[in-house]
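# Survey of secondary and tertiary structure
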Amino acid sequence: MALLSSSRVFVAENVLLDGRLALFHEREKWLAIADPHFGYELSRRAAGWLVPLWGMDSIESRLLQLLDDYQPERLIILGDLVHDRFARLQARDFLERVREVCEVVVIGGNHDTKLGETIALLDSWASTEFYFHHGHCAVNESHLIQIIGHHHPAGTIRDGAGLHLKLPAFVQQNRCWIMPAFSPWAAGTVWPHDDESQIWICTPQRVLRLNGD
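Quick summary incoming for the structure in this document. (Residues numbered from 1 in each chain as written. Predicted model: local features only at pLDDT ≥ 70, side-chain atom pairs only at ≥ 80, totals over all residues. Heavy atoms only, no water.)

In this section: the packing of helix α2 (residues 55–70) against helix α3 (residues 88–98). Running from N to C, α2 and α3 point in directions that differ by 15°, and their axes come no closer than 11 Å. Judged by the inter-axis angle, α2 sits roughly parallel to α3. With respect to the hand of their crossing, α2 and α3 are arranged in right-handed fashion. Contact with α2, carried on its side by Met-56, Ile-59, Glu-60, Leu-63 and Leu-67, involves Gln-90, Phe-94, Arg-97 and Val-98 of α3 and no other residues of that element. Each residue belonging to the contact of α2 with α3 can be placed in one class, and the counts come to six nonpolar, one polar and two charged. (Axes fitted to C-alpha atoms, helices over the stretch in contact; angles between N-to-C directions. Helix = DSSP H or I, 4+ residues; strand = E, 2+ residues; numbered from the N terminus. Parallel < 35°, antiparallel > 145°, perpendicular 65-115°, else oblique. Left-handed = near helix turned anticlockwise from the far one by under 90°. Contact = heavy atoms within 4.5 Å. Nonpolar A, V, L, I, M, F, W, Y, C, P; charged D, E, K, R; others polar.)

Let's shift gears to α3. Among all positions of α3, only Ala-91, Phe-94, Leu-95 and Val-98 are buried. For α3, the buried positions fall inside an angular range of 100° around the axis, keeping them on one side. (Buried < 20%, exposed > 50% of the residue type's maximum accessible area, 1.4 Å probe, protein only. Arc of directions from axis to C-beta.)

Under the counting rule described, the total for this entry stands at ten aromatic pairs. Linked through ring pairs, Trp-30, Trp-125, Phe-130, Phe-132, Phe-170 and Trp-177 together constitute an aromatic cluster. Here Arg-62 stacks its cationic end above the ring of Phe-182, 3.9 Å away from the centre of that ring. If you follow Arg-85 out to its NZ or CZ, it ends over the ring of Phe-86, 4.4 Å from the centre. (Phe/Tyr/Trp six-rings, centres within 6.5 Å; stacked < 30°, edge-to-face > 60°. Lys NZ or Arg CZ within 6 Å of the ring centre and 35° of its normal.)

Considering all chains together, one arrives at six salt bridges under this definition. Note that Arg-27 is salt-bridged to Glu-129, the shortest N-O span being 2.4 Å. One end of the pair, Arg-27, is in the loop between β4 (22–25) and β5 (30–33); the other, Glu-129, is in the loop between β8 (125–126) and β9 (130–132), and 102 residues separate them in sequence. Of the charged contacts in the structure, one is a salt bridge between Glu-60 and Arg-97, with a shortest N-O distance of 2.7 Å. Taken together, the residues Glu-60 in helix α2 and Arg-97 in helix α3 connect sequence positions 37 residues apart. Assessed through its relative accessible area of 14%, Glu-60 is described here as buried. (Salt bridge = Lys/Arg side-chain N within 4 Å of Asp/Glu carboxyl O.)

Right, dumping it as structure tokens:
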């Protein structure tokens, strides 16, 4: 695939993977992210953990920078907008600020069940080439490439001396692409190497195509 810079690479025709954990379609003008889990720290604090309150600001800052850089017509959030009910009002206000920049499509995920009527959610959304849903339920849309979240994929880089670093990953299969979690709190699950999966390691500075061990 064509390499634009060390932090951005085309993973399909017109589809650009940004190391800041987002996908952009140049022709259809959508920007997609998955699993921000907005308000995770509020949930942890409600449970008695003294988690620092920087995650929500980090998510908003990174997203607004992406919107400024790409100028999309539509932002697609692929589920798990919030971690749980404790951030529903903060998430609503966050979306209102984002809607000043572009249209927003919010797809419901398994963590969004407590939002009630605070935020309008869709089960899925489709463009001419892609079918977007959270990924926690099976769907039958074989004629479109599915783009999903939910799984929080990660990849591991090893230095040959026993040290390793786990990083968010974008996984590309023939008819299903799995987005990395946008949340700064998501450690991710290492995706297994197989013949069906192309794994792209994502950092704000570099996107790396991961080869099998």
